[in-house]
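Structural features, examined
Given next are the chains, with one letter for each unit.
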There are 2 protein chains.
Amino acid sequence: MNILGENFINGERSKQGSLTLKSVDAHSGEALPWTFYQATEREADLACRAAEQAFPLFHTTSPAQRALFLEAIADELDATGDDFIQLVMRETALPEGRIRGERGRTSGQMRLFASVLRRGDFLGARIDTALPERTPLPRPDLRQMQRAVGPVAVFGASNFPLAFSTAGGDTASALAAGCPVVMKAHGGHMATADCVANVIVQAARKTGMPAGVFNMIFGNSIGQALVRHPAIQAVGFTGSLKGGRALCDIAAARPDPIPVFAEMSSINPMILLPDALAVRGEKIARELTDSVVAGCGQFCTNPGLIVGIDSPDYRTFLRQMAQNISQSPPQTMLNRGVLSSYEKGLAALREHGGIRHLAGQSQQGTQAVPQLFEAQAGLLINGDPLLQEEVFGPVTIAISVADKAELSSALSGLRGQLTATLLAEESDLPNFATLVPLLERKAGRLLLNGYPTGVEVSDAMVHGGPWPATSDARGTSVGTLAIERFLRPVCYQNYAPALLPDALKDENPLNLLRLVNGVHTRDSLAS
Amino acid sequence: MNILGENFINGERSKQGSLTLKSVDAHSGEALPWTFYQATEREADLACRAAEQAFPLFHTTSPAQRALFLEAIADELDATGDDFIQLVMRETALPEGRIRGERGRTSGQMRLFASVLRRGDFLGARIDTALPERTPLPRPDLRQMQRAVGPVAVFGASNFPLAFSTAGGDTASALAAGCPVVMKAHGGHMATADCVANVIVQAARKTGMPAGVFNMIFGNSIGQALVRHPAIQAVGFTGSLKGGRALCDIAAARPDPIPVFAEMSSINPMILLPDALAVRGEKIARELTDSVVAGCGQFCTNPGLIVGIDSPDYRTFLRQMAQNISQSPPQTMLNRGVLSSYEKGLAALREHGGIRHLAGQSQQGTQAVPQLFEAQAGLLINGDPLLQEEVFGPVTIAISVADKAELSSALSGLRGQLTATLLAEESDLPNFATLVPLLERKAGRLLLNGYPTGVEVSDAMVHGGPWPATSDARGTSVGTLAIERFLRPVCYQNYAPALLPDALKDENPLNLLRLVNGVHTRDSLAS
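Treat the numbers as computed from the prediction; the structure is a model and nothing was measured.

This part takes up the UniProt feature "domain: Aldehyde dehydrogenase" (unreviewed entry) in chain A. On the UniProt side, "domain: Aldehyde dehydrogenase" (unreviewed entry) is annotated at positions that read residues 21-426 of chain A here. Its end C-alpha atoms 55 Å apart, residues 21-426 of chain A is made of 45% helix and 20% strand.

Below, the structure is given as structure tokens:
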């Protein structure tokens, strides 16, 4: 591994600035040997210009060419060695199995988008043929397809050094769409980012992509310069509500505002219905504890809120949860900043008069200790902000409601969520089916008898939801629909065959399923 | 016609405020007999609450039920009498044929969305079936579809009292999506708005829709209260850049920002290529003049910029344009405010040192006189803002460039547009095909040998484009794709059949074309 720590601009490395940064060993807190060069304003500008320069060539590559590019990234990523795995582990304190799994998920994601490119439905091809004889006015030939929006700025996440970072879902979907990327490497795993950026640049070279198709800069506040840059046309972000909101505000204040797709804050309510508690309360307590403490609770979909109707079964369940949580060992978090935020979040919960600590050794040392709290239902019904804020880490808050009516009120008080889960027996459903329309408004993904941690990468996945889960409920950052965030429709009226993109040619050379005069067909229009 | 001038809230009429407004005869400037009651803050709130209250019922109506609702609106609209046509003519000074045509377009649009609802592809149904045996982890059953975002605020346009107003494209697409609407009636045609709102309310009653499915308030600045209201989840707007930007800024500053789809400002460049000028310059001058003065130039797609390579043919063309424009009669504009803006726009052009007046009698009186100006190419290349700003009315500005390279530079200097048109002979295309990728970045609709005025309402139409043409290039406000602005994806994981929406049930009761395990099919999944 040749970790230079220099910025990636237009296929070259660059270190114009004098400010340097160090990555640290997540376990020991000690600085790792490499030096990273914080990008200057000029380097941020050059990175965006490189992406802009690459755009005309890149967005007119065929979907099949871009598929080869994504597959080359996947192959290079899979070919990284054990030293790479060790490096990611050192920077994030995540265990080996998780990192190997995440690498597979990341390359798998690239290959999935390659298959989307070959399937071609993302192009949204629509054709309304000319009606020259129509009265009172003839209809011209109209053809529509989705095209890349332009260069995209991507901000990596702390908690997924691979799958939501340099070659993660935002990058994969932007590249698939035909958008060059300017990446802001996450400060928590810069050496990992350096290695992965090298992988992407290598793959771009091998598959003949323009040099500026992928760029990456190091640094912290410098990322805002990307969002302000006139070349950047959209932003992908995974991180805190505060960080996401700041980028949204910058983007909205531009002379030409641009969309920001920020995945931010979710407490992922778990709704425990009475028969489920009666039949398998102990099993739920075990599984739910596993979901809360998995990965040290450092998942966007970590279950942070448990809601049940008060009953002896629910009380028994809470005692079992308390026991499980208190027996869960402490774990090392991604970095000291994350641990410090966790400690502050716990302190705020402990100081709140309406919230009671149920289980968990007191938080101390350099690891995060799992915790369970109980809050009054009124806090949710009346919109207490503390209850709605994600505390990132292995902690969850339980709420008891009096009855079904109060359950509905409590759920109505929720802000937007990535997920909302019902744990129910079949016998619960007739009585509680009315909760579903309520949950549909609140979350991007609704689960029945499952746990929200573990996000499948597939066509039907939605990793999104109303504010503050994300900044735009119309997008998803996981799954193949993620590509739509970086596309815009373009209509060609009366265009000559030679000037039409392949997707819209009469002959249908890409063999697309197209909407032709209101009917879906793969037929050629050539007679 | 029973024009009460009261606000429409939850199926009732309301006049709580003391401020009243008058609509005026566009020709004479005289007040019309009716009084309109400006909505109070409380009435704006009640209108939004009514929409919110209607949402749970309305968004769970079946697509077929909503289709009946839209068709009932269309039928009621078609059944309006000659007195209605006369009324719209008085409020807007638009001629009878135009109003009758626009009414047909508006009801046609409702019926088109009804057909989209029955077709069902807007639902975007996707199913990834469970893979319980997959290793290392099983895949759960995942099903995704598009659902309504919530209540939508719509701001009508001055220039289309029917097709872009109360029952216009934004309202039609929002209702089709399952979103209740709160309309802000345009101050330029409030009596028309009152009649059309009655039509919608009648249709809602007839088809059993909840009372709050459509609401409308009168007033001016009160519209901002809709954008701030927590119940409103998206905004549709057609109007000025200044007005659209103000709404975008309000929406972005909310505790929970919401998307605004504002269609604002476009100068719709016409690029005249050499062989086309040589072969049919005179014909182009005639047709282009017609397009510039049609409807008194009061179209979003009015051609405001002509670009040609300097040559004797281009000079001849400009002389013919000048003659045509100077012979075009003055016309009455939509209202005195629009006329005043037109006069101010012309004055700014006349005062600019780099812009020369070519043709048009001096602007005076109560009608708009068509005008032709010529500007230096450098103004476009260097991004002079005056050249980029839409002057709403029958005026266009011609630019000469030295050669193809300067043509590219000039087009690169353009901001976002609704349309960009090439007027070309087949022999021009090989030489100028490189312009197309450039134009794709700039505009939502690209025309070859046509004129941008006249916007077809169909599946393949795009009436959108990068800022400042619209506030979100990923949307269109005309054509069936407009529905997507008001939808968000929701994923159901491991959901029980009884809880799944029809679109996602195994049996495929809506006979949708669904993406099942990566393949498009109408097959049932029930074995």
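A separate point is helix α6 (residues 190-206) of chain B. Residues and elements named next belong to chain B. Along its 17 residues, α6 runs 24 Å from first to last C-alpha, staying within 8% of the 24 Å computed at 1.5 Å per residue. Counting buried positions over the 17 residues of α6 gives 13, a clear majority of the element. Positive phi appears at G208, one or two residues downstream of α6, with a value of about 70 degrees.

Below, the discussion takes up the interface of chain A and chain B. Size of an interface, as often reported, equals the accessible area lost when the parts are brought together. Facing the 74 residues of chain A at the interface are 75 residues of chain B. In total, chain A and chain B occlude about 6,300 Å² of area from one another, counting both sides; carbon and sulfur atoms represent 53% of this. Of all residues in chain A, R441, R474 and R488 of chain A give up the largest surface area on contact with chain B, accounting jointly for 13% of the area buried on that side. Our count for the contact surface shared by chain A and chain B stands at 8 salt bridges. Residues D472 of chain A and R474 of chain B are paired through a salt bridge, measuring 3.6 Å at the closest nitrogen-oxygen approach. Seen at the junction of chain A and chain B, the total is 50 residue pairs in polar contact (both at pLDDT 80 or more). For the side of chain A that touches chain B, the secondary-structure elements that each account for two or more residues are α1 (41-58), β5 (126-128), β6 (142-148), α8 (241-253), α16 (435-442), β20 (443-448) and β21 (487-493) of chain A.

For the rest of this paragraph, the subject is the packing of aromatic side chains. Following the criterion strictly, the structure yields 16 aromatic pairs over all chains and no others. On the basis of an interplanar angle of 85 degrees and a centroid distance of 5.9 Å, the ring pair of F261 of chain B and F486 of chain B is categorised as edge-to-face. On the criterion of sequence distance, the pair formed by F261 of chain B in strand β11 (residues 260-263) and F486 of chain B in the loop between β20 (443-448) and β21 (487-493) is long-range, its members being 225 residues apart. For F261 of chain B, a relative accessible area of 5% gives the class buried. Taking the relative accessible area as the measure of exposure, F486 of chain B reaches 0% and is therefore buried. Three or more aromatic residues joined by ring pairs make a cluster, and in this case those are F160, F164 and F299 of chain A. The cationic tip of R98 of chain A hangs over the ring face of F160 of chain A; the distance from NZ or CZ to the ring centre is 4.5 Å.

With 24 residues, helix α4 (residues 96-119) of chain B ought to run about 34 Å at 1.5 Å a step, and its terminal C-alpha atoms sit 34 Å apart, in line with that. Two residues or fewer after α4 of chain B comes G120 of chain B, characterised by a positive phi angle close to 85 degrees.

Residues and elements named next belong to chain A. Looking at chain A, the domain boundaries give domain 1 (7-264 + 476-484) and domain 2 (269-448). Listed as interface residues are 17 residues of domain 1 and, on the opposing side, 12 residues of domain 2. Across the domain 1 to domain 2 interface the summed buried area is about 1,100 Å²; carbon plus sulfur atoms make up 55%. The tally of links from domain 1 across to domain 2 stands at 0 salt bridges. The interface formed by domain 1 and domain 2 contains 3 residue pairs in polar contact (both at pLDDT 80 or more). For the side of domain 1 that touches domain 2, the residue count by class is 6 nonpolar, 8 polar and 3 charged.

Turning to the packing of helix α3 (residues 82-92) of chain B against α6 of chain B, a few remarks are in order. Residue and element names in this part refer to chain B. Viewed as axis vectors pointing N to C, α3 and α6 meet at an angle of 145 degrees, and their least axial separation amounts to 8 Å. Only M190, A191, T192, C195 and V196 of α6 make contact with α3, whose side of the interface consists of F84, L87, V88 and E91. Residues that form the contact of α3 with α6 fall into these classes: 7 nonpolar, 1 polar and 1 charged.

Let us look at the relation of the copies chain A and chain B. Of the transformation superimposing chain A on chain B, the axial component is 0.0 Å and the angular component is 180 degrees, with the fit at an RMSD of 0.0 Å. One copy is carried onto the other by what is essentially a two-fold rotation axis. Residue A252 of chain A, judged by its C-alpha, is the member of chain A lying nearest the rotation axis, at 3.2 Å. Looking at the interface residues of chain A, 100% of them are also at the interface in chain B, so both copies use one shared face.

Below, the discussion takes up unusual backbone geometry. Note that the residue after T135 of chain B, namely P136 of chain B, is joined by a cis bond; omega there is 0 degrees. Mapped onto the secondary structure, P136 of chain B falls in the loop between β5 (126-128) and β6 (142-148). Look at the link from W467 of chain B to P468 of chain B: it is a cis peptide, with omega at 5 degrees. Within the fold, P468 of chain B resides in the loop between β20 and β21. In this structure, A93 of chain A is a non-glycine residue whose phi angle is positive, near 65 degrees.

What follows deals with the side chain of N268 of chain B. Residue and element names in this part refer to chain B. Inspection of the secondary structure puts N268 in the loop between β11 and β12 (269-272). You can call N268 buried: its relative accessible area is 0%. Among the polar contacts listed, one links the side chain of N268 to the side chain of S266, at a separation of 2.8 Å. In this structure the side chain of N268 is engaged in a polar contact, spanning 2.7 Å, whose partner is the side chain of T419. Discounting chain neighbours no more than four positions away, the residues touching N268 are C300, T301, N302, P303, G304, L305, Q417, L418, T419 and P452.

Here we come to the sheet that holds β21 of chain B. Here 12 strands make up an open sheet; going across it, the order is β15(A)-β17(A)-β18(A)-β13(A)-β12(A)-β19(A)-β20(A)-β21(B)-β6(B)-β5(B)-β22(B)-β23(B) and the pairing mixed. In this open sheet, the two strands that pair with only one neighbour each are β15 (355-359) of chain A together with β23 (519-521) of chain B. Geometrically, the sheet is characterised by an average inter-axis angle of 25 degrees between neighbouring strands, direction not taken into account. Bridge analysis of strand β13 (residues 305-309) of chain A against strand β18 (residues 395-401) of chain A gives 5 bridges, and the strand direction is parallel. Note that in β18 of chain A the partner of I309 of chain A across the bridge is V401 of chain A. Contacts from helix α9 (residues 274-293) of chain A reach β12 (269-272), β13, β18 and β19 (417-423) of chain A within the one sheet, and its direction differs from that of β12 of chain A by about 155 degrees. This element, helix α11 (residues 336-351) of chain A, spans β15, β17 (371-376) and β18 of chain A of the sheet and lies at about 35 degrees to β17 of chain A.

Our focus in this paragraph is the sheet that holds β20 of chain B. A sheet is described by the order of its strands in space; here 12 strands give the open sequence β23(A)-β22(A)-β5(A)-β6(A)-β21(A)-β20(B)-β19(B)-β12(B)-β13(B)-β18(B)-β17(B)-β15(B), paired in mixed fashion. Either end of the sheet is taken by a strand with one partner, and the two such strands are β23 (519-521) of chain A together with β15 (355-359) of chain B. If you compare each strand with its neighbour and ignore which way they point, the axes differ by 25 degrees on average. For β12 of chain B and strand β13 (residues 305-309) of chain B, the ladder comprises 4 bridges, and the chain directions are parallel. Note that in β13 of chain B the partner of I271 of chain B across the bridge is V307 of chain B. Together, β12, β13, β15, β17 (371-376) and β18 (395-401) of chain B form the strand contacts of helix α10 (residues 312-327) of chain B, whose direction differs from that of β17 of chain B by roughly 150 degrees. Packed onto the sheet, helix α14 (residues 404-412) of chain B meets β12, β13 and β18 of chain B and runs at close to 140 degrees relative to β18 of chain B.

For the rest of this paragraph, the subject is the pairing of β12 of chain A. If a strand is regular, its side chains alternate between the two faces of the sheet. Residue and element names in this part refer to chain A. Of the two faces of β12, the one holding P269 and I271 and the one holding M270 and L272 are both buried throughout. In this fold, β12 hands off to α9, which returns the chain to β13; that crossover is right-handed. Bridging between β12 and β19 involves 3 bridges; their strand directions are parallel. Residue pairing for β19: M270 is matched across the bridge by T421.

Summarising the element assignment, T396 of chain B is placed in strand β18. Leaving out residues up to four positions away in the same chain, T396 of chain B has contacts with V292, P303, G304, L305, I306, M321, Q371, L372 and F373 of chain B.

The rules behind these values
Each chain has its residues counted from 1, running along the sequence as written. Whichever chain is written first becomes A and whichever ligand is written first becomes 1, with later ones labelled in order. Local features in a predicted model are, by the rule used here, given only for residues with pLDDT of at least 70; side-chain atom pairs are given and counted only at 80 or more, and totals for whole chains, interfaces and linings are based on all residues. Hydrogens and water are ignored here; the side-chain numbers use all heavy atoms of the structure. UniProt positions are given in the numbering used here, feature names are shortened, and annotations may be inferred rather than shown by experiment. The secondary structure listing takes helices from DSSP runs of H or I that are at least 4 residues long and strands from runs of E that are at least 2 residues long, numbered from the N terminus. The span expected for a helix works out to 1.5 Å for each residue beyond the first. Each residue's exposure class comes from its accessible area (1.4 Å probe, protein chains only) as a fraction of the maximum for that residue type: buried when under 20%, exposed when over 50%, partly exposed otherwise. For this analysis, residues touch if any pair of their heavy atoms sits within 4.5 Å. In short, buried area is how much 1.4 Å probe accessible area vanishes from two parts on joining, totalled over both. Any carboxyl oxygen of Asp or Glu that lies within 4 Å of a side-chain nitrogen of Lys or Arg is treated as forming a salt bridge with it. We call two N or O atoms a polar contact when they sit within 3.5 Å, provided that within protein one can donate a hydrogen and the other can accept it, with sequence-adjacent residues counted only if both atoms are side-chain atoms. Centres within 6.5 Å make a pair out of two Phe, Tyr or Trp rings, where for Trp the six-membered ring is used; the pair is then stacked when the planes are under 30 degrees apart, edge-to-face when over 60, and tilted otherwise. Put simply, a charge is over a ring when the Lys NZ or the Arg CZ is close to the ring centre, within 6 Å, and near the line of the ring normal, within 35 degrees. Note that the domain bounds reflect an automated or database-derived domain assignment. Throughout this entry, Asp, Glu, Lys and Arg are counted as charged residues, while Ala, Val, Leu, Ile, Met, Phe, Trp, Tyr, Cys and Pro are counted as nonpolar. The remaining residues, Gly among them, count as polar. Here an angle of 0 to 180 degrees is reported between the N-to-C directions of two axes, which are lines fitted to C-alpha atoms, with helices fitted over the stretch in contact. The copies are overlaid by a least-squares fit using only the C-alpha atoms of residues whose pLDDT is at least 70 in both copies. For two strands to count as paired, DSSP must find a minimum of two bridges between them. Note on handedness: a clockwise path from strand one over the helix to strand two, with the strands aimed away from the viewer, defines a right-handed crossover.

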